[in-house]
Amino acid sequence: MKNQKSKGWNRREFLGGLALTGTAAILGWRPELGTAAVEPPPETTRLRILKGKPACWAPIYVAEALLREEGFTDVQYTSGTSQLEVVKMSIEGTIDLYGGFSVQSIYTLEHQPHPFKFLSGLHVGCYALIGSTRTRSVRDLKGRTVWAGAVKNSGPHIFFSTIVSYVGLDPRTDVNYVWVNKDEAISLFRDGKIDALMSFPPGLHELVHKGIGHLLIDTNVDKPWSQYFCCMVSGHSDFIKKNPVATRRAVRAILKANDIVARDPELATRILIEKNVIKESEYMQTLPELKHIPYNKWREYNPEDTIRFYALRMRDIGMIKTNPQQFIDQHTDWRFMNGLKKEFGLTW
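Along each chain, numbering runs from 1 in the same order as the chain's sequence is written. Two thresholds apply to this predicted model, a pLDDT of at least 70 for residue-level local features and 80 or more for giving and counting side-chain atom pairs, whereas whole-chain, interface and lining totals are computed over all residues. In computing side-chain properties, one takes all heavy atoms of the structure into account and sets aside hydrogens as well as water.

Turning our attention to the overall build of the protein. Starting at the N terminus, helices and strands are each numbered in turn, a helix being any DSSP run of H or I of at least four residues and a strand any DSSP run of E of at least two. For the protein, the count of helices and strands is 17 helices and 10 strands. Note on exposure labels: buried denotes an accessible area under 20% of the residue type's maximum, exposed denotes more than 50%, and partly exposed covers the range between, all computed with a 1.4 Å probe on protein chains only. Counting only residues that meet the buried cut, the protein has 58% of its 348 residues in that class. Of all intrachain contacts in the protein linking residues separated by at least 6 positions in sequence, the fraction that spans at least 24 positions is 78%. Every residue pair with non-hydrogen atoms within 4.5 Å of one another is taken to be in contact.

Structural data, given as C-alpha cells:
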C-alpha cells in the first residue's frame, strides 16, 4: 500500500485494490469513516449518469469503481451533446445524476425548468481567462473583442460575464464577442484579432505554456473564484425522492473520486481516454490541467455559498430574475451533503 500511495496506481491496481481492501483503505482513510457498509443497500442498483465532454469532470468517471463498491451493479454513462438535449433527457427522466458547470446549471434551471436539484459541489477551479499582450487586467477588456464560447449563454459566456461584472464592467455592452468554435477562436487569438478567451480543459491553457497569451484570471488560485465550485453535482428530483440511500451513496462515491484524481491525475487521465471523454492525443494537454485543478479542496467550501455567489452576480446583470435565496430554496437539496459532513470531517 505504501508504494501505491507514493507512486500512484495503474488502473488494474486501482480496481484490484477496491476489490481486496476497499476504497477507504486504499486512500488511507480511517476505518470508522467507511460507514457505507453499515447503511441499508441502495434502493436501486442502476445509476444513469450524464456523460459530458469536459475533462475537468474526471471524478465522475473515476467514481465508477467506487459506485460499484457502493452497490450499483449497473452504472450507465449517457451522452448529451447540448444543453437543450440535457434538459430534454432530464424532463424525460433518462438520467439520474449529472455534473455540470454551476453557472450554466443556474441559468438553465431558471430559463428551461427541469426536475433537477443541486446536491453537492464537484470541484473548484478549472476555468481561466487568457489575455493578449494588449490586456494586463480584466478592466482592460472594455471595448475589446473576446471569445467566451461558441454560443451565447453557454457556460463559458456566463462565467465570463460574472468575471467582468465583478470588476465593474457590463458584459452586455462593454465587451464585443465572437461566436465561433474553439479552434477558430485560437486562430483569431494568435492573429491578434481577439484580445481574450475563456479556457477550460483540455486545450487552451497550452497557449499560455507556449507564450502566446497570459493569464488574466486563474480560477484554480485567484480569489474569489477559487473559493467557489466551478462544477457541481445535480440529481433528478424523482430519483432523489424514491432513492435517498442510493443518492447518498452516489454522492459519496463521486466526492471520494475527487481525492483519487488529486492523488493520481495520471490514472484519471487514462480513465478519461478509456471512457472516450478525451482522445489519446490529448493526454499531454489534459494531464497538466488535472494536476493544476485543486480537486482536494472540495471539503473546504459550502456548496450553497457557490449558488448564492453566482446567482447574485447573474441577477445583477439580468441573466436570472430569481433572488439567490429563492433559487436555493427551489433548486437545491443539501440533505445528503449535510449527512456526509461527519463522515468526511467537514466543518462548514
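There is more to say, and it comes next.
Attention now moves to unusual backbone geometry. Each neighbour pair has its own omega, and for Lys223 with Pro224 the value is 0 degrees, a cis peptide bond. Of note, Cys126 is a non-glycine position whose phi angle comes to about 105 degrees, a positive value. Secondary-structure assignment places Cys126 in the loop between strand S4 (116-124) and strand S5 (128-131). Positive phi, normally seen in glycine, also occurs at Asn276, with a value near 60 degrees.

To continue, consider the pairing of strand S3 (residues 97-101). Of all five residues making up S3, five are buried, and the element is well covered by its neighbours. On S3, burial covers both faces: Leu97, Gly99 and Phe101 on one face and Tyr98 and Gly100 on the other are all buried.

The disulfide definition used here is simple: a pair of cysteine sulfur atoms within 2.5 Å. Evaluation of the coordinates by the stated rule reveals zero disulfides. Here Cys230 stays unpaired: no disulfide links it, and the sulfur of Cys126, its closest cysteine neighbor, is 3.5 Å away.

Looking now at the confidence of the model for the protein. The pLDDT value expresses, per residue, how confident the predictor is, ranging between 0 and 100. Within the protein, residue pLDDT values average 88, and 88% of them lie at 70 or more. Taken together, the stretch residues 1-7 has pLDDT below 50 and engages in nine contacts with residues farther than four places along the chain or on a different chain. When the criterion is pLDDT under 50, residues 16-33 qualifies, and its contacts beyond four places in sequence or with other chains add up to 33 contacts.

Time to look at the nonpolar core. In these notes, a set of buried Ala, Val, Leu, Ile, Met, Phe, Trp, Tyr and Cys residues joined through side-chain atoms within 4.5 Å is what counts as a nonpolar core. In terms of nonpolar packing, the biggest core is built from 91 residues, with Leu67, Leu129, Leu141, Phe160, Tyr310 and Met314 touching the most fellow members. If near-sequence neighbours (up to four positions away) are discounted, Phe160 is found in contact with Leu129, Leu141, Val146, Ala148, Val175, Tyr177 and Met198. Residues Ile130, Val178, Ala185 and Phe189 belong to the second largest nonpolar core, which totals 11 residues.

In a beta sheet, neighbouring strands are held together by backbone hydrogen bonds and run either parallel or antiparallel to one another. A pair of strands counts as paired when DSSP detects no fewer than two bridges linking them. Strand order in the open sheet formed by five strands is S7-S6-S8-S5-S9, with mixed pairing between adjacent strands. Of all the strands in the sheet, the pair left with one neighbour each is strand S7 (176-177) and strand S9 (214-218). In this sheet, S7 lies alongside strand S6 (residues 145-147) in parallel orientation, the contact comprising two bridges. Bridge assignment links Val146 to a residue of S7, and that residue is Tyr177. Helix H7 (residues 155-166) rests against S5, S6, S7, strand S8 (196-199) and S9 of the sheet, and its axis sits at about 120 degrees to S8. Most of the contacts of helix H8 (residues 182-190) go to S8, to which it runs at about 140 degrees, and overall it touches S5, S6 and S8. Every axis in this analysis is a line fitted to C-alpha atoms, fitted for helices over the stretch in contact. Angles between the N-to-C directions lie between 0 and 180 degrees.

This part takes up the environment of Ala257. Examined against the element boundaries, Ala257 turns out to sit in helix H11 (residues 244-263). Here Ala257 falls in the buried class, since its relative accessible area comes to 0%. As a C-alpha pair, Ala257 and Ala268 span 11 residues in sequence and 9.4 Å in three-dimensional space. When sequence neighbours within four positions are dropped, the list of residues in contact with Ala257 reads Pro59, Val62, Ala63 and Leu66.

Let's shift gears to the packing of H11 against helix H12 (residues 265-274). When two helices pack together, their arrangement is given by the angle between their axes and by how far apart the axes lie. Two elements in contact, H11 and H12, have axes whose closest approach is 5 Å; the angle formed by their N-to-C orientations is 110 degrees. Considered as vectors, H11 and H12 are oriented roughly perpendicular to each other. In this structure, H11 uses Ile260, Val261, Ala262 and Arg263 to contact H12, whose residues at the interface are Pro265, Leu267 and Ala268. In this classification, Asp, Glu, Lys and Arg are treated as charged, Ala, Val, Leu, Ile, Met, Phe, Trp, Tyr, Cys and Pro as nonpolar, and every other residue, Gly included, as polar. Its residues assigned to classes, the contact of H11 with H12 shows six nonpolar, no polar and one charged. Between 65 and 115 degrees an angle is taken as roughly perpendicular, under 35 as roughly parallel, over 145 as roughly antiparallel, and anywhere else as oblique.

Tracing the sequence through the fold places Ser132 in the loop between S5 and S6. Since its relative accessible area comes to 7%, Ser132 is described here as buried. Residue contacts for Ser132: discarding those within four places in its chain leaves Phe189, Ile194, Asp195 and His214.

Let us now look at the packing of helix H14 (residues 303-316) against helix H15 (residues 324-331). Orientation of H14 relative to H15, taken along the N-to-C sense of each, is 130 degrees, at an axis distance of 9 Å. As summarised for this structure, H14 and H15 are arranged oblique, according to the angle between their axes. The way H14 lies across H15 gives a crossing that is right-handed. Contacts from Glu304, Ile307, Arg308, Ala311, Leu312 and Arg315 of H14 reach H15 at Pro324, Gln325, Phe327 and Ile328. For the contact of H14 with H15, the residue count by class is six nonpolar, one polar and three charged. Helix crossings fall into two classes, left-handed where the near helix is turned counterclockwise from the far one by less than a right angle and right-handed where it is turned clockwise.

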